[in-house]
Amino acid sequence: TQLLEQSPQFLSIQEGENLTVYCNSSSVFSSLQWYRQEPGEGPVLLVTVVTGGEVKKLKRLTFQFGDARKDSSLHITAAQPGDTGLYLCAGRPRSNSGGSNYKLTFGKGTLLTVNP
Amino acid sequence: GAGVSQSPSNKVTEKGKDVELRCDPISGHTALYWYRQSLGQGLEFLIYFQGNSAPDKSGLPSDRFSAERTGGSVSTLTIQRTQQEDSAVYLCASSSGTSAYNEQFFGPGTRLTVL
(Lines give C-alpha, C1' and ligand atoms only; values in the text may rest on other atoms or scores of the structure.)
Protein backbone atom coordinates (compact mmCIF):
# COMPACT_ATOMS: atom_id res chain seq x y z
CA THR A 1 0.00 0.00 0.00
CA GLN A 2 1.38 3.38 -0.99
CA LEU A 3 0.57 6.02 1.59
CA LEU A 4 0.82 9.78 1.47
CA GLU A 5 1.28 11.52 4.79
CA GLN A 6 0.27 15.16 4.96
CA SER A 7 1.34 17.62 7.61
CA PRO A 8 0.19 19.54 9.42
CA GLN A 9 -3.31 18.12 9.66
CA PHE A 10 -4.72 21.47 10.82
CA LEU A 11 -3.35 24.97 10.35
CA SER A 12 -4.90 28.25 11.51
CA ILE A 13 -3.10 31.45 10.62
CA GLN A 14 -3.69 35.19 10.23
CA GLU A 15 -4.16 36.92 6.92
CA GLY A 16 -0.82 37.92 5.42
CA GLU A 17 1.22 35.09 6.95
CA ASN A 18 3.15 32.54 4.92
CA LEU A 19 2.73 28.80 5.30
CA THR A 20 3.98 25.49 3.96
CA VAL A 21 2.21 22.15 3.94
CA TYR A 22 3.94 18.87 3.25
CA CYS A 23 3.11 15.62 1.54
CA ASN A 24 5.49 12.71 2.19
CA SER A 25 5.76 9.08 1.22
CA SER A 26 8.25 6.24 1.17
CA SER A 27 7.02 5.34 -2.30
CA VAL A 28 7.89 6.85 -5.67
CA PHE A 29 5.11 8.49 -7.62
CA SER A 30 5.10 9.12 -11.36
CA SER A 31 3.18 12.33 -10.75
CA LEU A 32 1.60 14.22 -7.93
CA GLN A 33 -1.37 16.55 -7.82
CA TRP A 34 -2.61 19.09 -5.31
CA TYR A 35 -6.33 19.71 -4.88
CA ARG A 36 -8.30 22.18 -2.80
CA GLN A 37 -11.69 21.25 -1.39
CA GLU A 38 -14.24 23.63 0.10
CA PRO A 39 -17.13 22.54 2.35
CA GLY A 40 -19.92 20.82 0.46
CA GLU A 41 -17.93 20.63 -2.75
CA GLY A 42 -15.65 18.18 -4.47
CA PRO A 43 -11.88 18.72 -4.72
CA VAL A 44 -10.63 21.03 -7.46
CA LEU A 45 -7.25 20.49 -9.09
CA LEU A 46 -4.62 23.16 -8.43
CA VAL A 47 -1.51 21.70 -10.08
CA THR A 48 0.15 18.56 -11.43
CA VAL A 49 3.89 17.97 -11.03
CA VAL A 50 5.65 15.23 -12.94
CA THR A 51 9.41 15.80 -12.94
CA GLY A 52 11.59 15.31 -9.85
CA GLY A 53 12.67 18.71 -8.53
CA GLU A 54 9.94 20.48 -10.49
CA VAL A 55 8.67 23.80 -9.13
CA LYS A 56 5.40 25.34 -10.28
CA LYS A 57 3.92 28.66 -9.27
CA LEU A 58 0.27 29.62 -9.32
CA LYS A 59 -0.01 33.24 -8.19
CA ARG A 60 0.82 33.12 -4.45
CA LEU A 61 1.07 29.32 -4.39
CA THR A 62 4.36 27.50 -5.03
CA PHE A 63 4.44 23.75 -5.49
CA GLN A 64 7.55 21.59 -5.42
CA PHE A 65 8.05 17.93 -6.27
CA GLY A 66 10.93 16.25 -4.47
CA ASP A 67 13.98 15.15 -6.43
CA ALA A 68 13.21 11.50 -5.67
CA ARG A 69 9.50 11.98 -6.45
CA LYS A 70 8.52 10.77 -3.00
CA ASP A 71 7.43 14.08 -1.50
CA SER A 72 5.96 17.45 -2.32
CA SER A 73 5.30 20.77 -0.67
CA LEU A 74 2.85 23.61 -1.11
CA HIS A 75 3.91 27.08 0.00
CA ILE A 76 1.43 29.95 0.21
CA THR A 77 2.71 33.50 0.44
CA ALA A 78 0.66 36.22 2.14
CA ALA A 79 -2.33 33.97 2.79
CA GLN A 80 -5.82 35.37 2.23
CA PRO A 81 -9.13 34.29 3.81
CA GLY A 82 -10.10 32.96 0.39
CA ASP A 83 -7.30 30.40 0.68
CA THR A 84 -9.24 28.66 3.45
CA GLY A 85 -10.02 25.06 2.62
CA LEU A 86 -8.85 21.45 2.71
CA TYR A 87 -5.67 20.90 0.71
CA LEU A 88 -5.19 17.37 -0.56
CA CYS A 89 -2.20 15.85 -2.25
CA ALA A 90 -2.71 12.88 -4.54
CA GLY A 91 -0.03 10.70 -6.05
CA ARG A 92 -0.17 8.52 -9.08
CA PRO A 93 1.93 5.42 -8.34
CA ARG A 94 4.30 3.98 -10.87
CA SER A 95 3.00 0.78 -12.41
CA ASN A 96 5.05 -2.41 -12.48
CA SER A 97 5.93 -1.69 -16.10
CA GLY A 98 7.37 1.63 -15.06
CA GLY A 99 4.56 3.63 -16.56
CA SER A 100 1.82 5.56 -14.83
CA ASN A 101 -1.06 4.04 -12.91
CA TYR A 102 -4.54 5.51 -13.38
CA LYS A 103 -5.32 5.31 -9.67
CA LEU A 104 -4.68 8.26 -7.39
CA THR A 105 -3.61 7.76 -3.77
CA PHE A 106 -4.84 10.65 -1.64
CA GLY A 107 -3.43 12.03 1.58
CA LYS A 108 -5.78 12.87 4.45
CA GLY A 109 -5.42 16.56 3.79
CA THR A 110 -4.43 19.76 5.57
CA LEU A 111 -7.32 21.89 6.79
CA LEU A 112 -6.23 25.51 6.44
CA THR A 113 -8.07 28.40 8.07
CA VAL A 114 -6.95 31.94 7.27
CA ASN A 115 -8.40 34.45 9.70
CA PRO A 116 -9.00 38.06 8.59
CA GLY B 1 -23.14 24.14 -15.82
CA ALA B 2 -21.46 21.22 -17.55
CA GLY B 3 -19.69 19.80 -14.52
CA VAL B 4 -20.10 16.47 -12.76
CA SER B 5 -23.41 16.21 -10.95
CA GLN B 6 -24.42 13.83 -8.19
CA SER B 7 -27.74 13.01 -6.60
CA PRO B 8 -29.03 13.08 -4.01
CA SER B 9 -26.86 15.65 -2.26
CA ASN B 10 -27.84 14.21 1.10
CA LYS B 11 -29.26 10.82 2.01
CA VAL B 12 -30.33 9.67 5.46
CA THR B 13 -31.24 6.02 5.77
CA GLU B 14 -31.79 3.39 8.38
CA LYS B 15 -29.36 0.59 9.02
CA GLY B 16 -30.13 -2.39 6.81
CA LYS B 17 -31.74 -0.42 3.98
CA ASP B 18 -30.36 -0.28 0.43
CA VAL B 19 -29.32 3.04 -1.15
CA GLU B 20 -28.51 4.15 -4.69
CA LEU B 21 -26.25 7.08 -5.46
CA ARG B 22 -26.14 8.59 -8.92
CA CYS B 23 -23.36 10.29 -10.86
CA ASP B 24 -23.66 12.19 -14.14
CA PRO B 25 -20.14 12.71 -15.52
CA ILE B 26 -19.00 15.41 -17.90
CA SER B 27 -20.18 14.57 -21.40
CA GLY B 28 -17.51 12.79 -23.40
CA HIS B 29 -15.39 11.79 -20.42
CA THR B 30 -14.51 8.12 -20.74
CA ALA B 31 -13.09 7.59 -17.24
CA LEU B 32 -15.28 7.62 -14.14
CA TYR B 33 -14.21 7.11 -10.53
CA TRP B 34 -16.05 6.66 -7.24
CA TYR B 35 -14.39 7.65 -3.97
CA ARG B 36 -15.46 7.64 -0.34
CA GLN B 37 -14.43 10.41 2.05
CA SER B 38 -14.94 9.80 5.74
CA LEU B 39 -14.50 12.45 8.44
CA GLY B 40 -10.82 13.14 8.96
CA GLN B 41 -9.81 10.80 6.17
CA GLY B 42 -8.59 11.30 2.66
CA LEU B 43 -10.37 10.05 -0.40
CA GLU B 44 -10.61 6.28 -0.56
CA PHE B 45 -10.77 4.80 -4.07
CA LEU B 46 -13.77 2.55 -4.63
CA ILE B 47 -14.18 1.73 -8.31
CA TYR B 48 -13.02 2.89 -11.76
CA PHE B 49 -14.73 2.67 -15.16
CA GLN B 50 -12.93 3.28 -18.45
CA GLY B 51 -14.91 3.09 -21.65
CA ASN B 52 -16.14 -0.41 -22.36
CA SER B 53 -13.40 -2.10 -20.34
CA ALA B 54 -14.14 -4.20 -17.29
CA PRO B 55 -14.28 -1.92 -14.24
CA ASP B 56 -11.58 -1.95 -11.58
CA LYS B 57 -13.54 -2.91 -8.45
CA SER B 58 -10.50 -3.42 -6.26
CA GLY B 59 -11.45 -0.61 -3.85
CA LEU B 60 -14.95 -1.79 -2.98
CA PRO B 61 -14.90 -2.52 0.76
CA SER B 62 -17.36 -5.41 0.73
CA ASP B 63 -19.77 -7.31 -1.49
CA ARG B 64 -22.55 -5.02 -0.26
CA PHE B 65 -21.12 -2.37 -2.59
CA SER B 66 -21.64 -2.47 -6.33
CA ALA B 67 -21.62 0.02 -9.19
CA GLU B 68 -22.77 0.18 -12.77
CA ARG B 69 -22.14 2.54 -15.62
CA THR B 70 -24.79 2.43 -18.29
CA GLY B 71 -24.05 3.42 -21.86
CA GLY B 72 -20.66 4.76 -20.88
CA SER B 73 -22.25 7.73 -19.14
CA VAL B 74 -24.34 7.76 -15.96
CA SER B 75 -23.12 5.64 -13.05
CA THR B 76 -24.96 4.30 -10.03
CA LEU B 77 -23.29 3.18 -6.80
CA THR B 78 -25.47 0.81 -4.79
CA ILE B 79 -24.93 -0.06 -1.15
CA GLN B 80 -27.02 -2.95 0.14
CA ARG B 81 -27.91 -3.55 3.78
CA THR B 82 -26.27 -0.29 4.85
CA GLN B 83 -24.26 -0.18 8.06
CA GLN B 84 -23.38 2.80 10.24
CA GLU B 85 -19.75 2.61 9.11
CA ASP B 86 -20.94 3.32 5.56
CA SER B 87 -21.72 6.89 6.62
CA ALA B 88 -19.46 9.16 4.57
CA VAL B 89 -19.40 11.50 1.60
CA TYR B 90 -19.36 9.59 -1.68
CA LEU B 91 -17.61 11.49 -4.47
CA CYS B 92 -17.71 10.81 -8.17
CA ALA B 93 -15.11 12.10 -10.61
CA SER B 94 -14.67 11.90 -14.37
CA SER B 95 -11.77 12.59 -16.70
CA SER B 96 -11.10 12.59 -20.42
CA GLY B 97 -8.15 10.24 -20.06
CA THR B 98 -5.80 8.67 -17.57
CA SER B 99 -2.43 10.23 -18.33
CA ALA B 100 -0.53 12.07 -15.59
CA TYR B 101 -1.87 15.46 -16.63
CA ASN B 102 -5.48 14.42 -16.98
CA GLU B 103 -7.54 16.25 -14.43
CA GLN B 104 -10.21 14.45 -12.47
CA PHE B 105 -13.29 16.64 -12.22
CA PHE B 106 -15.23 15.96 -9.05
CA GLY B 107 -18.89 16.27 -8.32
CA PRO B 108 -20.12 17.84 -5.06
CA GLY B 109 -20.66 14.45 -3.47
CA THR B 110 -23.52 12.67 -1.73
CA ARG B 111 -23.45 12.80 2.06
CA LEU B 112 -24.77 9.47 3.32
CA THR B 113 -25.86 9.11 6.92
CA VAL B 114 -26.84 5.68 8.21
CA LEU B 115 -28.79 5.79 11.44
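Described in the following lines is the structure provided in the data block. (Residues numbered from 1 in each chain as written. Chains lettered and ligands numbered in written order. Predicted model: local features only at pLDDT ≥ 70, side-chain atom pairs only at ≥ 80, totals over all residues. Heavy atoms only, no water.)

**Let's talk about the packing of aromatic side chains**
As a reminder, the rule being used: Only centres within 6.5 Å qualify two rings of Phe, Tyr or Trp (six-membered ring in Trp) as a pair; their planes then separate them into stacked at under 30 degrees, edge-to-face at over 60, and tilted for everything else. Here a helix means four or more residues in a row that DSSP labels H or I, a strand means two or more in a row labelled E, and each is numbered from the N terminus. Burial classes: relative accessible area under 20% of the type maximum marks a residue as buried, over 50% as exposed, and values in between as partly exposed (1.4 Å probe, protein chains only).
In total, this model carries eight aromatic pairs over all chains according to the counting rule given. Ring plane angle 45° and centroid distance 5.7 Å describe the contact between Tyr35(A) and Phe106(A), whose orientation is recorded as tilted. With Tyr35(A) in strand β4 (residues 29-37) and Phe106(A) in strand β10 (residues 105-106), this pair connects stretches of sequence that are 71 residues apart. On the basis of relative accessibility, which here comes to 8%, the residue Phe106(A) falls in the buried class. Ring plane angle 15° and centroid distance 6.1 Å describe the contact between Tyr33(B) and Tyr35(B), whose orientation is recorded as stacked. Judged by relative accessible area, Tyr33(B) falls into the buried class, the value being 1%. One aromatic cluster is present, formed by Tyr35(A), Phe106(A), Tyr33(B), Tyr35(B), Phe45(B), Tyr48(B) and Phe106(B) through successive ring pairs.

**A closer look at the side chain of Asp86(B)**
Threshold: Contact between two residues is taken to exist if any of their heavy atoms lie within 4.5 Å; hydrogens are not considered.
Checked against the element boundaries, Asp86(B) lands in the loop between β7 (75-79) and β8 (88-95). Contacts of Asp86(B), omitting those with residues within four sequence positions, involve Arg36(B), Arg64(B), Phe65(B), Ile79(B), Leu112(B) and Val114(B).

**Concerning the state of the cysteines**
Disulfide: a covalent bond connecting the sulfur atoms of a pair of cysteines. Condition: When the sulfur atoms of two cysteines come within 2.5 Å, that pair is taken as a disulfide.
According to the stated counting rule, one finds two disulfides over all chains in the structure shown. One disulfide bridge connects Cys23(A) with Cys89(A), the sulfur atoms lying 2.0 Å from each other. Residues Cys23(A) and Cys89(A) are joined through a disulfide that is right-handed, its torsion about the S-S bond being 75°. One end of the pair, Cys23(A), is in strand β3 (residues 19-24); the other, Cys89(A), is in strand β9 (residues 85-93), and 66 residues separate them in sequence. In this structure, Cys23(A) and Cys89(A) share a single accessibility class: buried. Between the sulfur atoms of Cys23(B) and its disulfide partner Cys92(B) the distance amounts to 1.8 Å.

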